[in-house]
Amino acid sequence: MANTDRFLLACVMGWPISQSRSPALHNHWFAEHGLSGAYVPLAIPPERLKAALRALPALNFSGCNLTIPLKQDAMTIVDAVDVTARKIGAMSCVTVRPDGTLFGSNNDWYGFVHNILEFVPDWSTGAGPVAVMGAGGGARAVVYGLMERGAREIRLVNRTQTRAQKLAEDFGGPIAVLPWERRHDALDGCAMLVNATSQGMIGQAALDLRLDKLPKTALVNDIIYIPRETPLIAAARERGNRTVTGLGMLLHQGIPAWKAWFGIEPKVTQALRAKIEATL
Ligand SMILES: NC(=O)c1ccc[n+]([C@@H]2O[C@H](COP(=O)([O-])OP(=O)(O)OC[C@H]3O[C@@H](n4cnc5c(N)ncnc54)[C@H](OP(=O)(O)O)[C@@H]3O)[C@@H](O)[C@H]2O)c1
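Because the structure is a prediction, the values reported are computed rather than measured.

Novice: Whenever I open this one, the pattern of salt bridges confuses me. Can you help?
Specialist: For the structure shown, the criterion picks out twelve salt bridges. Ionic pairing is found between Arg 183 and Asp 208, a salt bridge with its closest N-O pair at 3.0 Å. Of the two residues, Arg 183 is situated in the loop between β9 (175–178) and β10 (192–195) and Asp 208 in the loop between β10 and β11 (219–222); the sequence distance between them amounts to 25 residues. Here the salt bridges do not stand alone but share partners, grouping Arg 140, Lys 166 and Asp 170 into one network.

Novice: What's the story with unusual backbone geometry in this structure? I'm lost.
Specialist: Leaving glycine out, the prevailing phi sign among residues is negative, and the prevailing peptide bond configuration is trans. At the junction of Ile 68 and Pro 69, the peptide bond is cis and its omega measures out at 5° in the coordinates. Within the secondary structure, Pro 69 sits in the loop between β3 (63–66) and β4 (80–81). Residue Pro 227 follows Ile 226 across a cis peptide bond; omega there is 10°. As for its position among the elements, Pro 227 is in the loop between β11 and α7 (231–238). With a phi close to 70°, Asn 60 is a non-glycine residue in the positive phi region.

Novice: Is there a simple way to explain the pairing of strand β7 (residues 130–133) in this structure?
Specialist: The side chains of a regular strand alternate, residue by residue, between the two faces of the sheet. Taking every second residue as pointing to the same face, both faces of β7 are buried, with Val 130 and Val 132 on one and Ala 131 and Met 133 on the other. Sheet topology places β7 next to strand β8 (residues 154–157); four bridges connect them, and they run parallel. Within β8, the residue paired with Ala 131 across the bridge is Arg 155. In this view, the connection linking β7 to its parallel neighbour β8 by way of helix α5 (residues 137–148) has right-handed handedness. In the sheet, β7 pairs with β10 via four bridges, with the strands oriented parallel. By the bridge assignment for β10, Ala 131 is matched with Leu 193.

Novice: Where do I start with the site of the ligand in this structure?
Specialist: Looking at the ligand, there are 21 residues lining it, with Gly 138, Asn 158, Thr 160, Met 201 and Ile 223 nearest. In the environment of the ligand, an oxygen atom lies 2.7 Å from a nitrogen or oxygen atom belonging to the backbone of Gly 138. Within the backbone of Gly 246, one N or O atom sits 3.1 Å away from a nitrogen atom of the ligand. Those elements that provide at least two residues to the shell around the ligand are α5 and α8 (247–262). The class makeup of the residues in the shell around the ligand is nine nonpolar, ten polar and two charged.

Novice: Would you mind showing me how to read the sheet that holds β4 here?
Specialist: In a beta sheet, neighbouring strands are held together by backbone hydrogen bonds and run either parallel or antiparallel to one another. Strand order in the open sheet formed by six strands is β2-β1-β3-β5-β6-β4, with mixed pairing between adjacent strands. Both outer strands of the open sheet, β2 (37–43) and β4, are each paired with one neighbouring strand and no more. Across four bridges, the pairing between strand β1 (residues 8–14) and β3 is parallel. What sits directly across from Val 12, in β3, is Asn 65.

Novice: Before we go on, may I ask you to explain the sheet that holds β11 in this structure?
Specialist: A sheet is described by the order of its strands in space; here six strands give the open sequence β9-β8-β7-β10-β11-β12, paired in parallel fashion. Looking at strand neighbours, the two that pair on one side only are β9 and β12 (242–244), the edges of this open sheet. Between one strand and the next, the sheet's axes are offset by a mean angle of 20°, whatever the strand orientation. Each of β8 and β9 touches helix α6 (residues 161–171); the most contacted strand, β9, lies at about 170° to it. Most of the contacts of α7 go to β11, to which it runs at about 165°, and overall it touches β10, β11 and β12.

Reading the values: the criteria
- Each chain carries its own residue numbering, running from 1 in the written order of its sequence.
- Reporting in this predicted model follows two pLDDT cut-offs: at least 70 for local features of residues, and 80 or more for side-chain atom pairs to be given and counted; totals over whole chains, interfaces and linings ignore these cut-offs and use all residues.
- With hydrogens and water stripped out, all remaining heavy atoms of the structure feed into the side-chain values.
- Criterion for a salt bridge: a side-chain nitrogen of Lys or Arg within 4 Å of a carboxyl oxygen of Asp or Glu.
- What counts as a helix is a DSSP run of H or I of at least four residues, what counts as a strand is a run of E of at least two, and both are numbered from the N terminus.
- Relative accessibility under 20% of the residue-type maximum defines a buried residue, over 50% an exposed one, and the middle range a partly exposed one, all with a 1.4 Å probe and only protein chains included.
- The pairing criterion is simple: DSSP has to find at least two bridges between the two strands.
- Note on handedness: a crossover is taken as right-handed if, strands pointing away from the viewer, the path from the first strand over the helix to the second is clockwise.
- One heavy atom within 4 Å of a molecule or strand makes the whole residue count as near it.
- Identification of polar contacts relies on pairs of N or O atoms within 3.5 Å, with a donor-acceptor requirement for protein atoms, meaning one able to donate a hydrogen and the other able to accept it, and with residues adjacent in sequence counted only if both atoms are side-chain atoms.
- All residues other than Ala, Val, Leu, Ile, Met, Phe, Trp, Tyr, Cys, Pro, Asp, Glu, Lys and Arg, Gly among them, are scored as polar; the first ten of these are nonpolar and the last four charged.
- Fitting a line to C-alpha atoms yields each axis, with helices limited to the stretch in contact; the angle taken between N-to-C directions then spans 0 to 180 degrees.
- Contacts are assigned to residue pairs with any non-hydrogen atoms lying within 4.5 Å of each other.

The following block contains the structure:
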């Protein structure tokens, strides 16, 4: 359990950081649990990451989250990394252990899986092939989550095919890499489509993907959460597909972080979701 005698501290480090919704999420939970504490955004350029992470124990921080572009760099700084973060190749969370050493983990895959389960409780990867667009850090967490849930066929498509091939080599398992030109055909017979590219994010073009081959029964998930509804999600919804947006991935990944930092399991509630959605 959390030590309620002290002011609880955690943070998110990134460069830039002002876009992060993590402070609103975690400070909501401090208030909800009646705890004295704060979660602060810290603008940390990569060259200062080591000093910033090493300062956490002395400052009484329980841990931090990491966002772009620090998720990979942190892997070589902390004292230990869990098997999940090692496999994904990136770290989203650091926990300060009682002896002051730093432990890295990746909770993005957990957020991906539990976001889907919140909206589709009977979701099963056994329903059919899953098409994943993208092969960056987000896609690696998505593929890890799909494999944890027993996916039998993952069709992986990325603009830079070699990056998708590297992901498939690192992960092994049921991943078929298809060239970017075949992305429209890759949807044929799929039970699920996940966008893990940055296309559709605010300030970016929409993902250039025709949905005509995607069965109407397929579930469509976009891990982007700014905007709340990407052009892909709008198009999928309009043609009758079930859709899940990306915000819940951010919200749910906070749960294992709190368990590790404070020994508390917070909840993703409608009130929390509405509060964060209002900021998007
Ligand atoms: N909801 C959440 O909690 C959550 C968590 C993580 C990420 N995300 C979101 O997921 C998105 C990807 O993040 P990331 O960390 O994976 O970024 P990343 O590592 O930089 O990867 C970006 C991906 O987008 C692809 N891409 C970029 N420009 C493209 C274009 N013009 N056409 C086609 N593909 C393009 C890249 O392909 P190439 O390899 O060819 O460059 C790569 O696959 C971001 O919008 C991020 O906000 C959300």
